[in-house]
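So you can see what is in the structure, the chains are spelled out below.
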Amino acid sequence: TVAAKKCLGKLTPLQRAAVQTHRVDMGKVYGPVCNDLLPGSRMIVDRFHVAKQFNDVVDDLRKKITRKYKAILSKAERKRFRSLMWEFRRDPKDLKPEEQKALEGLFAKLPVLKDLYDVRVRFKEIFDTAPDRATAEEQLAELLARSESVGLDFSKFWTTYENWKTGILNYFDGRYTSAAVEGINNK
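Residues numbered from 1 in each chain as written. Predicted model: local features only at pLDDT ≥ 70, side-chain atom pairs only at ≥ 80, totals over all residues. Heavy atoms only, no water.

## Description of unusual backbone geometry
With phi around 75 degrees, M26 is a residue other than glycine that occupies positive phi space. Counting through the fold element by element, M26 comes out in the loop between β1 (21–24) and α3 (30–37). Residue M26 is classed as buried on the basis of its relative accessible area, which comes to 13%. (Helix = DSSP H or I, 4+ residues; strand = E, 2+ residues; numbered from the N terminus. Buried < 20%, exposed > 50% of the residue type's maximum accessible area, 1.4 Å probe, protein only.)

## A few points about a positive patch on the surface
Judged by side-chain charge, K63, K64, R67, K70, K75, R78, K79 and R82 come together as a positively charged surface patch. Listed by contribution, the elements that provide at least two residues to the positive patch are α4 (47–71) and α5 (75–89). Here K75 is to be found in helix α5. You can call K75 exposed: its relative accessible area is 71%. (Patch = residues over 30% accessible without salt bridge, like charges linked within 9 Å, V, L, I, M, F, W, Y side chains within 5 Å. Areas by Shrake-Rupley, 256 points an atom, 1.4 Å probe, with all protein chains shown as cover. Salt bridge = Lys/Arg side-chain N within 4 Å of Asp/Glu carboxyl O. Lys, Arg positive; Asp, Glu negative; His and termini not counted. Charge placed at Lys NZ, Arg CZ, Asp CG, Glu CD.)

## Describing the layout of surface pockets
Of the volumes computed, that of the second largest pocket is approximately 260 Å³. A51, N55, R89, R120 and K124 are the residues nearest the centre of the second largest pocket, which is lined by 14 residues in total. Broken down by secondary-structure element, the contributors of at least two residues to the lining of the second largest pocket are α4 and α7 (111–129). Here the element with the most residues in the lining of the second largest pocket is α4; it accounts for seven residues. Taken together, the residues that form the lining of the second largest pocket break down as five nonpolar, one polar and eight charged. (1 Å grid on protein atoms, 1.4 Å probe; cavity = no way out; pocket = protein on both sides within 12 Å on 5 of 7 lines; lining within 4 Å. Points joined across faces, edges and corners; volume = space filled by probe spheres on them. Nonpolar A, V, L, I, M, F, W, Y, C, P; charged D, E, K, R; others polar.)

## Examining α7
Counted at 1.5 Å a residue, the expected span for α7 with its 19 residues is 27 Å, and the 27 Å between its end C-alpha atoms agrees. Among the residues of α7, L113, L116, Y117, V119, R120, V121, F123, I126 and F127 are the ones counted as buried. Buried residues along α7 sit against α4, α5, α6 (97–109), α8 (133–149), α9 (155–163) and α10 (165–174). (Expected span 1.5 Å × (residues − 1). Contact = heavy atoms within 4.5 Å.)

## Comments concerning the confidence of the model for the chain
Mean pLDDT for the chain: 90, with 95% of residues reaching 70 or above. Mean pLDDT per element in the chain: helix α11 (residues 179–186) is the minimum at 58, and α8 is the maximum at 97. (pLDDT = per-residue confidence, 0-100.)

## A short note on the environment of R23
Looking at where R23 falls in the secondary structure, it is placed in strand β1. The sequence separation of R23 and Y176 amounts to 153 residues, and the corresponding C-alpha distance is 7.9 Å. Within the structure, R23 has its side chain in polar contact with the side chain of T21 (distance 2.6 Å). (Polar contact = N/O pair within 3.5 Å; in protein donor to acceptor, adjacent residues only side chain to side chain.)

## Brief notes about the pairing of strand β2 (residues 42–45)
Two elements, β1 and β2, share four bridges in a ladder whose sense is parallel. Each residue of the ladder has a partner; that of R23, found in β2, is I44. Between the parallel elements β1 and β2, the chain passes through α3 in a crossover that is right-handed. (Pairing = 2+ DSSP bridges. Right-handed = clockwise from strand over helix to strand, strands pointing away.)

In C-alpha cells form, the structure reads like this:
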C-alpha cells in the first residue's frame, strides 16, 4: 500500500485527475489505492489476470477429472496422455486434424473433460469477441449456468468475478490491457 501511494503521490493532483483508466491485477493493494488516489479514473481488471484465475480452476478440475483415469494407464499411455493435455490447453483452431482427433478420442472416454474443454474455449471466445460489456456480462452469465448444468464447480472463479465484476466488465468498453507491461515484468 505504501509503495503504491508513494508512486501515485509523485503525480500532481491535476495529473491524477487527468487519468481516465487504470489497470489492476485483482491484488488487494492496487485497486483500492488507485480508486482512492485516482478518483476520476475507471478501474479495469487486466484480461490476463482474469484468464489466469479462470485457467487455474480449469487446471484443478482437469486434474481431479483425470486422476482415476491416469491411474489405470501404462507408462507409455500416460506419456501420450500428458501430450494431450498440451493440446487440451491450445486454441482449437490451432490444432492439426490428428491432434483434434486424438482429443476427441480422449473426450469419448472422459465426457466431462469435453465439457470442461468447451467451457474453457467459450470463456476465451467471450473475451475475444464480446463487442461490449452488456454482451460480455450476458455471455458470462450463460457460461456460469452452463458450467453448473454440467456439474463443473467454478465457484472459486465466479466468486472472484463477482468481487471484481465492474473492473472485469470495464475491459470490454475499450479492451484496455497492460500486456506490454506484463511482458516487460516477466522478462
